[in-house]
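Structure at a glance
So the chains spell out like this:
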Amino acid sequence: MATHRFDELIPSELDAAERIQDRIIALLEQEGFSAREVFGMRLALEEAIVNAIKHGNRMDPEKSVRILCEVDPSRVYVE
């Protein structure tokens, strides 16, 4: 059972948010999560990360967003 982990800082840019979401979604698909689970996670990630960039950091290019992620076949943890 493989566990995928990463801790990454992304700039307060919407393109960076999309790239990190795609990275996490690829891990879910690789681990065999259902289409419904992947869809729900994509929605939650987009809302959380975009809110952090737009509302938390107010699109300030000097600020960043830290993403902690852990994915294994039975669970997903993102902070």
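Refer to the structure above for everything that follows.
We now turn to the structure provided with this report. What you are looking at is a predicted structure, and each value in this text was computed from that prediction instead of being measured.

1. A word on the side chain of E31
Positionally, E31 belongs in the loop between α1 (14–30) and α2 (35–56). Comment: no salt bridge for buried E31; closest opposite-charge side chain is R75, at 11 Å. Excluding anything up to four places from it in sequence, E31 contacts A2, H4, V71, D72 and P73.

2. Section: the pattern of salt bridges
With the rule as written, the count across this model stands at six salt bridges. Between R5 and E70 there is a salt bridge whose closest N-O contact spans 3.0 Å. Of the two residues, R5 is situated in strand β1 (residues 4–11) and E70 in strand β2 (residues 64–72); the sequence distance between them amounts to 65 residues. Taking the shortest distance from any N to any O, the salt bridge between E8 and R23 comes out at 2.3 Å. One end of the pair, E8, is in strand β1; the other, R23, is in helix α1, and 15 residues separate them in sequence. According to the relative accessible area criterion, E8 is partly exposed, its value standing at 28%. Beyond isolated ion pairs, a larger network of salt bridges with shared partners links R5, E70, D72 and R75.

The rules behind the values
Per chain, residue numbering runs from 1 following the sequence as it is written. Per-residue local features are limited, in this predicted model, to residues with pLDDT of at least 70; the limit for side-chain atom pairs, both in listing and counting, is 80 or more; totals at the level of whole chains, interfaces and linings are taken over all residues. Side-chain descriptors were evaluated using all non-hydrogen atoms of the structure, hydrogens and water having been removed beforehand. Numbering of helices and strands starts at the N terminus; helices are DSSP runs of H or I of at least 4 residues and strands are runs of E of at least 2. Each residue is placed in one exposure class: buried if its accessible area under a 1.4 Å probe, protein chains only, is under 20% of its type's maximum, exposed if it is over 50%, and partly exposed if it falls in between. Only four residue types enter the tally: Lys and Arg on the positive side, Asp and Glu on the negative side; His and the chain ends are excluded. The term salt bridge refers to a side-chain nitrogen of Lys or Arg lying within 4 Å of a carboxyl oxygen of Asp or Glu. The contact criterion used throughout is that any non-hydrogen atoms of two residues lie within 4.5 Å.

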